[in-house]
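Structural overview for review
Here is what each chain is made of, one letter per residue.
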Amino acid sequence: MNRTLLALFLILFLAGCASMVSSATGRLASDLSAAILEQNDPETVEAGAPAYLLLIDGLIRDNPKSEDLLLSGAKLYSAYAGVFVKDAERAQRLTVKAREYAIRALCQHRPKMCDLAARPFDEYRAVLATLGRADVPSLYTFAATWAGWTQAHSNDWNAVADLAKVRAGMERVIELDEAHE
């Protein structure tokens with residue numbers, strides 16, 4: 001009986017620890033992302049960001065379903081590629097990763113949006129119309145990273161053709177919360 005109680009206690013304790021670690025990791029990623037994006041010295045960010053990008057990749061690898069980590073990774077990869085990367089091929093690679101993280105975050109947030117980018121425009125807009133204020137952070141990051149991806153892939157007319165979807169996503173963000181970011 002005592003062993004059963006001890007085993008039950010350990011299972012509950014370890015589950016609680018895992019939840020606390022996951023929550024702390026998500027907060028750490030959000031706080032570090034905010035600090036990087038709000039830094040007033042671009043040279044510091046340019047010099048230090050690659051290490052953080054690798055760190056966020058490792059955190060996501062350890063917790064691949066964390067919406068917070070995926071959003072942080074998407075924002076940072078997109079911002080870094082858009083501001084500091086001059087090599088077109090490298091910018092394309094980094095924005096692909098940013099967009100993939102944003103899509104995964106959106107999917108974690110609302111499974112019905114997993115294939116949102118691939119939907120026909122009318123269906124895409126219909127899904128956007130169902131979203132509420134709680135969806136803004138994920139939708140904003142999705143649309144913003146998609147815009148950065150499109151810019152990096154501007155030589156691909158298929159990428160440019162989806163700008164209407166990017167715009168519709170951003171317009172929906174503004175409708176729901178015009179003060180967001």
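In short, a report on the structure. (Residues numbered from 1 in each chain as written. Predicted model: local features only at pLDDT ≥ 70, side-chain atom pairs only at ≥ 80, totals over all residues. Heavy atoms only, no water.)

1. Let's talk about the overall build of the protein
When its secondary structure is counted, the protein shows eight helices and zero strands. In the protein, the succession of α and β elements from N to C terminus is α-α-α-α-α-α-α-α. When burial is assessed residue by residue, the protein has 38% of its 181 residues classed as buried. Relative to all contacts within the protein whose residues are 6 or more apart in sequence, the contacts with residues 24 or more apart total 67%. For the protein, the exposed area adds up to about 10,700 Å²; of that, 58% sits on carbon and sulfur atoms. (Helix = DSSP H or I, 4+ residues; strand = E, 2+ residues; numbered from the N terminus. Buried < 20%, exposed > 50% of the residue type's maximum accessible area, 1.4 Å probe, protein only. Contact = heavy atoms within 4.5 Å. Areas by Shrake-Rupley, 256 points an atom, 1.4 Å probe, with all protein chains shown as cover.)

2. Comments concerning the nonpolar core
Among the nonpolar cores identified, the biggest contains 25 residues, and Ile56, Ile60, Leu69, Tyr77, Tyr80, Leu94 and Tyr101 are the most heavily contacted of them. When residues of this core are traced back to their parent elements, those giving at least two are helix 2 (42–62), helix 3 (67–84) and helix 4 (88–109). Top element by residues in this core is helix 3. It accounts for nine residues. The contacts of Tyr80, once residues within four sequence positions are left out, are Glu46, Ala49, Pro50, Leu53, Val85, Arg90 and Leu94. Counting 19 residues, the second largest nonpolar core, distinct from the first, contains Ala117, Val127, Val136 and Tyr140. (Core = buried A, V, L, I, M, F, W, Y, C linked by side-chain atoms within 4.5 Å.)

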